[in-house]
Amino acid sequence: MTSLATGKRVSKADVRLDAYGTADELNSFFGLLRNSLKNSGINCADKLDKDLCWVQNRLFDLGAVLAGADMEFKAENVCQLEGWIDEMDAELQPLRAFVLPGGNEQVALCHVCRTVCRRAERAALRAQEVAEVDAAALKYLNRLSDYLYTLGRVVTERLKVEERLWIP
């Protein structure tokens, strides 16, 4: 047994723990991604690091919300991600096919973060079945995975790595 932010005791197998534990796991992978990008020599590394640090702080907010803390997840967080996605999309060629994860370490880490984010979203949706989950938090996880997909493409472009496309 363990306690939620409200003090309520629940099983460690509770879906809410899975949700905020997966958000915490995602946050850890973000730390790894930040370090890898800093060491890569990527153009705009300082801005990316600042943006990713902001995301890490929002993931802690999200974890607190999923743990039942008395706080609201701000809808502006979703708008921030959408703005960054639009900025990144502006420097990319239109998508011709699905992109395969990989190419180099930094691109692969973007996709690891993306897939863990998708799992966190599914866990949060399961948690919503037993407790109220802030709608902005759910939308944030959805948009964050799109941000990470786009970031992977931008990192590919900036590091001049070959974009690997899915060939059905």
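Definitions and limits used
Residues numbered from 1 in each chain as written. Predicted model: local features only at pLDDT ≥ 70, side-chain atom pairs only at ≥ 80, totals over all residues. Heavy atoms only, no water. Phe/Tyr/Trp six-rings, centres within 6.5 Å; stacked < 30°, edge-to-face > 60°. Helix = DSSP H or I, 4+ residues; strand = E, 2+ residues; numbered from the N terminus. Buried < 20%, exposed > 50% of the residue type's maximum accessible area, 1.4 Å probe, protein only. Expected span 1.5 Å × (residues − 1). Contact = heavy atoms within 4.5 Å. Polar contact = N/O pair within 3.5 Å; in protein donor to acceptor, adjacent residues only side chain to side chain. Axes fitted to C-alpha atoms, helices over the stretch in contact; angles between N-to-C directions. Parallel < 35°, antiparallel > 145°, perpendicular 65-115°, else oblique. Left-handed = near helix turned anticlockwise from the far one by under 90°. Nonpolar A, V, L, I, M, F, W, Y, C, P; charged D, E, K, R; others polar.

A.B. asks: Just give me the short version of the packing of aromatic side chains, but keep the residues and values in it.
C.D. replies: Any two aromatic rings considered together are summarised by their centre-to-centre distance and by the angle between their planes. Across all of its chains, the model carries 5 aromatic pairs by this definition. On the numbers, 6.0 Å between centres and 45° between planes, the contact of tryptophan 84 with tyrosine 147 is tilted. In this pair, tryptophan 84 sits in helix H3 (residues 76-90) while tyrosine 147 sits in helix H5 (residues 135-158), placing the two residues 63 residues apart along the sequence. Residue classification places tryptophan 84 among the buried positions, given a relative accessible area of 8%.

A.B. asks: Can you break down helix H1 (residues 15-38) residue by residue, with the values?
C.D. replies: Note: α-helices contain 3.6 residues per turn, so residues at a spacing of three or four share the same orientation. In this model, H1 (24 residues) spans 35 Å end to end at C-alpha, consistent with the 34 Å of a helix rising 1.5 Å per residue. Within H1, the full set of buried residues consists of Arg16, Leu17, Ala19, Thr22, Ala23, Leu26, Asn27, Phe30, Leu33, Arg34, Ser36 and Leu37. For H1, the elements touching its buried residues are strand S1 (2-3), strand S2 (9-10), helix H2 (45-66), helix H4 (105-128) and H5. Taking the backbone nitrogen of arginine 16 as reference, a side-chain oxygen 2.7 Å away marks aspartate 14 as the first, capping residue of H1.

A.B. asks: So what's going on with the environment of arginine 114? Residues and values would help.
C.D. replies: Looking at the secondary structure, you find arginine 114 in helix H4. Between the C-alpha atom of arginine 114 and that of phenylalanine 29, which follows or precedes it by 85 residues, the distance is 9.8 Å.

A.B. asks: Describe the packing of H1 against H4, listing the residues and the values that go with them.
C.D. replies: Across the interface, H1 lies against H4 with an axial gap of 8 Å and an inter-helix angle of 165°. The orientation of H1 with respect to H4, classified from their angle, is roughly antiparallel. Once H1 is placed against H4, the crossing between them reads as left-handed.

A.B. asks: So, unusual backbone geometry: which residues are in play, and what are the values?
C.D. replies: Even without being a glycine, lysine 160 presents a positive backbone phi close to 55°. As for its position among the elements, lysine 160 is in the segment after H5. Using a relative accessible area of 74% as the deciding quantity, one classes lysine 160 as exposed.

A.B. asks: Tell me about the environment of glutamate 87, residues and numbers included.
C.D. replies: For glutamate 87, the location among the structural elements is in helix H3. A sequence separation of 70 residues divides glutamate 87 from glutamate 157, and the C-alpha atoms of the two residues are 14 Å apart.

A.B. asks: Could you give an account of the packing of H4 against H5, naming the residues involved and the relevant values?
C.D. replies: Direction vectors running N to C along H4 and H5 enclose 170°, while the axes themselves pass 9 Å from each other. Put simply, H4 runs roughly antiparallel to H5. A class-by-class count of the residues in the contact of H4 with H5 yields 14 nonpolar, 7 polar and 4 charged.

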